[in-house]
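Here is what each chain is made of, one letter per residue.
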Amino acid sequence: MTDERIKELELKANDIRVSIIDMLEDAGSGHTAGPLGMSDLFAALYFEIMQHDPKNVDWAERDRLILSNGHTVPVRYAAMAHAGYFPIEELKTLRKFGSRLQGHPERHALPGIEHTSGPLGTGLGQAAGMAFGMRLDTNKQHVYCITGDGELDCGNIWESAMFAAHHNLSNLTAIVDRNNIQINGATENVMKLEDLSGKWTSFGWHVIEIDGHNIQQFVDAVNQAKAIQNKPTCIIAHTIPGKGIKEIENEFEWHGKPPTAEEEKRFLKELRTLRGKIEATHSQ
Amino acid sequence: MITTELKLHNDVFNTDALDKAATRDGFGKGLVEAAEKDQRVMALCADLAESTRAHWFKEKFPERYVEVGVAEQNLMAVASGLANYGKIPFAMSYAAFSPGRNWEQIRSTVALNDVPVNIVGAHAGVSVGPDGATHQALEDIATMRVLPNMIVVVPADSEEARKATLAIAVNDKPSYIRLARAKTPIFTTLETPFEIGVPQIVYQSKNPRIGIIACGSLVYQSMLAAEELGKEGINVSVMNLSTIKPMNEKMITEFAQNVDHIVTAEEHQIHGGMGSAVAEVLAQHAPTKMSFIGMHDRYGESGSPDELLEHFGFTKKGIIDHIKKQLA
Ligand SMILES: Cc1ncc(C[n+]2csc(CCOP(=O)(O)OP(=O)(O)O)c2C)c(N)n1
Ligand SMILES: [Mg+2]
């Protein structure tokens, strides 16, 4: 990718972060850390990687994005709004009565949301089902499934991992948001996940580890995943929860709370500075 | 009239005068008390320590606290093993996931195995609020009461939740306690009696036409409704049916025999819930006209707890409207 393109995508990620802060403050509840940490991944998915059409959401040849860690849906809503699925102002209705933007994503509430999620651990199986069906029909789309890392505590995930490898579902790519936090604390204190890469490998997956804030690395990893024809790929994306807002980065307490009005002001200011930095870095 | 022997709050209809707390808070207190009384009491949690109030236990008894991660099926199997060995485990998560996710583990390793695991389902009902449908458990009374050996308790306020927690800690049976996230008025007191399997007629009218049988937060709302309807000449009595299993068939039957119409009220699907349990009793022993306040075969959605409670009719006003419609 050209430097100019990377800059565009990093700026998109910044826009997404701004919207996340904005919508969560308005909602008065919801999850901040995970969505901020996944903003770079979502900018890349919606603006570079995925085949999709915001004006034709049911397009049969679209790639499917399964968000298994449904609590992080603000990042998806923000990316969708910026991609043109619905007006950006609608983000302000998040979690409110009557909104299409339910607290956890509802398949029937908002066009472009592929499946209802929130209860953890079931996205990978649904993604595997879709990938299996696509292959039966010799369709060429790809299925991306994002999971949290704490979510990998769920036994379901490993049942699905076994299934996908057993059936060589190379049209399925799992993306693990490896941010090292969950609700009760650091993942390695709550329930040890390491050797995580070794686990996926031993389950029969091709594994790529990336810096989840490096868009070039992510795009390269996806291209590699698509080139591999005999097994599914797991991209372990190392991310920083709360990324972009220094005072909340890596703080597990920010898993499930929104910013206050005062914090919002401070955070948005920091994101404006970050935007300036992105522009400066790429114009050298 | 409120039933004086129950020693409810002495200004019970003055909602502003009542302290408010969520039933999960009463549970959290009760669990610590139970653990102080009995060394065997343990707490197991699936990555939701604060919102289930397990963290209060964890602070006091860190060695008896077990974290299993986001793994509700394993949560239940491990709890079953601990109970089988001789411990008294409380296993907690959101009701949507436990018993939502791990029903078969509950069926076979806890209920059929008949070991005293206490299953704690937090964040039940639409009053969970903005998290939306996925997190609003509305089926758990049905899926728990259908299991042989299982005790099912739905406390009406935080204080009753505390007493219920102490009671299930010593009952030596598989037990399910259903808790809410939203703060609601505490209308019972330290002196109010509580016994598993003994419903209470909390509001008694002379020659009542209507009998409301309620559980959870709907008990207090039903009392408010009864008080107001009484002023309009519609006599209503209210029963707090906090134990849904085992059912006190005798008391339900007697309550129904004194009224023309039974209304059940619960923050749960009308299919299979507390109302259905009452209907099963009355169909056999005292066929009575009935109607049901509950979720009518649909899921919840995002919104503030108050908006949702009002929208789905789980308030004093909703109950009054329902009853007037029945009488029209
Ligand atoms: C089956 C299930 N159990 C429990 C929960 C409650 N819950 C929501 S998010 C979460 C922690 C998940 O950790 P992780 O996937 O790492 O997400 P992060 O904190 O990084 O956003 C838990 C336990 C749930 N949503 N689903
Ligand atoms: Mg995490």
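Residue indices begin from 1 for each chain and proceed along its sequence in written order. Just so you know, chain letters begin at A and ligand numbers begin at 1, following the order they were written in. Given that this is a predicted model, residues contribute local features only at a pLDDT of at least 70 and side-chain atom pairs are listed and counted only at 80 or more, while totals for whole chains, interfaces and linings are drawn from all residues. Calculation of side-chain values draws on the structure's entire complement of heavy atoms; hydrogens and water are dropped beforehand.

Residues and elements named next belong to chain A. To get an axis, a line is fitted to the C-alpha atoms, and for a helix only the part in contact is used. The angle between two axes follows their N-to-C directions and goes from 0 to 180 degrees. Only DSSP runs of H or I with at least four residues qualify as helices, and only runs of E with at least two residues qualify as strands; both kinds are numbered from the N terminus onward. At a closest axis distance of 10 Å, the pairing of helix α1 (residues 3–27) and helix α10 (residues 261–282) adopts a crossing angle of 175°. When the interaxial angle is binned, α1 and α10 end up roughly antiparallel. Residue-level contacts link Asp3, Ile6, Lys7, Glu10, Leu11, Asn14, Asp15, Arg17, Val18, Ile21, Asp22 and Glu25 of α1 to Ala261, Glu264, Phe267, Leu268, Leu271, Leu274, Arg275, Ile278, Glu279 and His282 of α10. For classification purposes, angles smaller than 35 degrees are called roughly parallel, those larger than 145 roughly antiparallel, those between 65 and 115 roughly perpendicular, and all remaining angles oblique. In what follows, residue pairs with any heavy atoms lying within 4.5 Å of each other are defined as contacts.

This paragraph deals with the sheet that holds strand β6 (residues 206–211) of chain A. Backbone-to-backbone hydrogen bonds join strands into a sheet, with any given pair of strands oriented parallel or antiparallel. Residue and element names in this part refer to chain A. Here the rule is simple: two strands pair whenever DSSP picks up at least two bridges between them. The sheet built from five strands is open, its strands ordered β1-β2-β3-β7-β6 with parallel pairing. Of all the strands in the sheet, the pair left with one neighbour each is β1 (64–67) and β6. Strand-to-strand twist of the sheet, defined as the mean angle between neighbouring strand axes without regard to direction, takes the value 20°. Note that β1 and strand β2 (residues 143–148) share four bridges and pair parallel. Bridging from a neighbouring strand, Ile66 pairs with Cys145 of β2.

To continue, consider the confidence of the model for chain B. A residue's pLDDT is the predictor's confidence in that residue, given on a scale from 0 to 100. Looking at chain B, pLDDT values average 98 and 100% of them are 70 or higher. Prediction confidence for the complex, expressed as pTM and ipTM, is 0.97 and 0.95 respectively.

Now for the site of ligand 1. For ligand 1, the set of nearby residues contains 21 residues, the closest of which are A:Asp149, A:Gly150, A:Asn179, A:His255 and B:Glu72. Looking at the residues close to ligand 1, they fall on chains A and B. A distance of 2.8 Å separates an oxygen atom of ligand 1 from a polar atom in the side chain of A:His71. Under the rule applied, a polar contact is a pair of N or O atoms within 3.5 Å (in protein, one hydrogen donor and one hydrogen acceptor; residues adjacent in sequence only if both atoms are side-chain atoms). At 2.9 Å, a backbone N or O of A:Leu120 approaches a nitrogen atom of ligand 1. Computed with a 1.4 Å probe, the accessible areas rest on the Shrake-Rupley method; for each residue, only the protein chains presented here act as cover. For ligand 1, the protein covers 98% of the area, taking 590 Å² as the surface of the free molecule. Side-chain classes follow a simple rule in which Ala, Val, Leu, Ile, Met, Phe, Trp, Tyr, Cys and Pro form the nonpolar group, Asp, Glu, Lys and Arg form the charged group, and the remainder, Gly included, forms the polar group. Here the shell around ligand 1 is built from residues that sort into seven nonpolar, nine polar and five charged. Whether a residue is near a molecule or strand depends on its heavy atoms: if one lies within 4 Å, it is near.

Residues and elements named next belong to chain B. Relative to the helices and strands, His261 resides in strand β13 (residues 261–269). Taking C-alpha positions, His261 is 9.2 Å from Pro208, a pair spaced 53 residues apart along the chain. Among all residues touching His261, those that are not within four sequence positions of it are Arg209, Ile210, Gly211, Thr288, Lys289, Met290, Ser291 and Gln326. Within the local environment of His261, its side chain forms a polar contact with the side chain of Ser291, the two groups lying 2.8 Å apart.

All names here are of chain B. Read from one edge to the other, the open sheet built from five strands follows the order β9-β11-β10-β13-β14, with strand pairing classed as mixed. Pairing within the sheet leaves two strands with one partner each, and these edge strands are β9 (200–203) and β14 (289–295). This sheet shows a mean twist of 25° between the axes of neighbouring strands, independent of strand direction. Across five bridges, strand β10 (residues 210–214) lies against β13 in parallel orientation. By the bridge assignment, Ile213 is partnered in β13 with Thr264. Contacts from helix α11 (residues 316–327) reach β10, β13 and β14 within the one sheet, and its direction differs from that of β14 by about 150°.

Okay, the pattern of salt bridges next. Only one rule defines a salt bridge in this text: a Lys or Arg side-chain nitrogen within 4 Å of an Asp or Glu carboxyl oxygen. Counting across every chain of the model gives 30 salt bridges over all chains. A:Asp15 is the partner of A:Arg275 in a salt bridge, and the nearest nitrogen-oxygen pair spans 2.7 Å. Of this pair, A:Arg275 sits in helix α10 while A:Asp15 sits in helix α1, placing them 260 residues apart in sequence. Under the scheme applied here, a residue whose accessible area is under 20% of the maximum for its type counts as buried, over 50% as exposed, and between as partly exposed, the area being computed with a 1.4 Å probe on protein chains only. On the basis of relative accessible area, A:Asp15 is assigned to the partly exposed category, the value being 22%. We note a salt bridge from B:Arg298 to B:Glu301, for which the minimum N-O separation is 3.2 Å. Taking relative accessible area as the criterion, B:Arg298 reaches 33% and is therefore assigned partly exposed. The network of salt bridges with shared partners includes A:Asp149, A:Arg178, A:Glu188 and A:Glu194.

Next up on the list: the pairing of strand β7 (residues 175–178) of chain B. All names here are of chain B. Judged by which residues are buried, β7 turns out to be covered on both faces: Ser175 and Ile177 on one side and Tyr176 and Arg178 on the other are all buried. As defined by bridge partners, strand β5 (residues 118–122) adjoins β7 across four bridges and the pair is classed as parallel. Of the residues in β7, the one forming a bridge with Asn118 is Ser175. In terms of strand pairing, strand β6 (residues 151–153) meets β7 through three bridges, oriented parallel. The residue bridging Val152 from the neighbouring strand is Tyr176, located in β7. Viewed along the sheet, the connection from β6 through helix α6 (residues 158–169) into β7 turns out right-handed. Throughout, right-handed denotes a crossover for which the path from the first strand over the helix to the second runs clockwise when the strands point away from the viewer.

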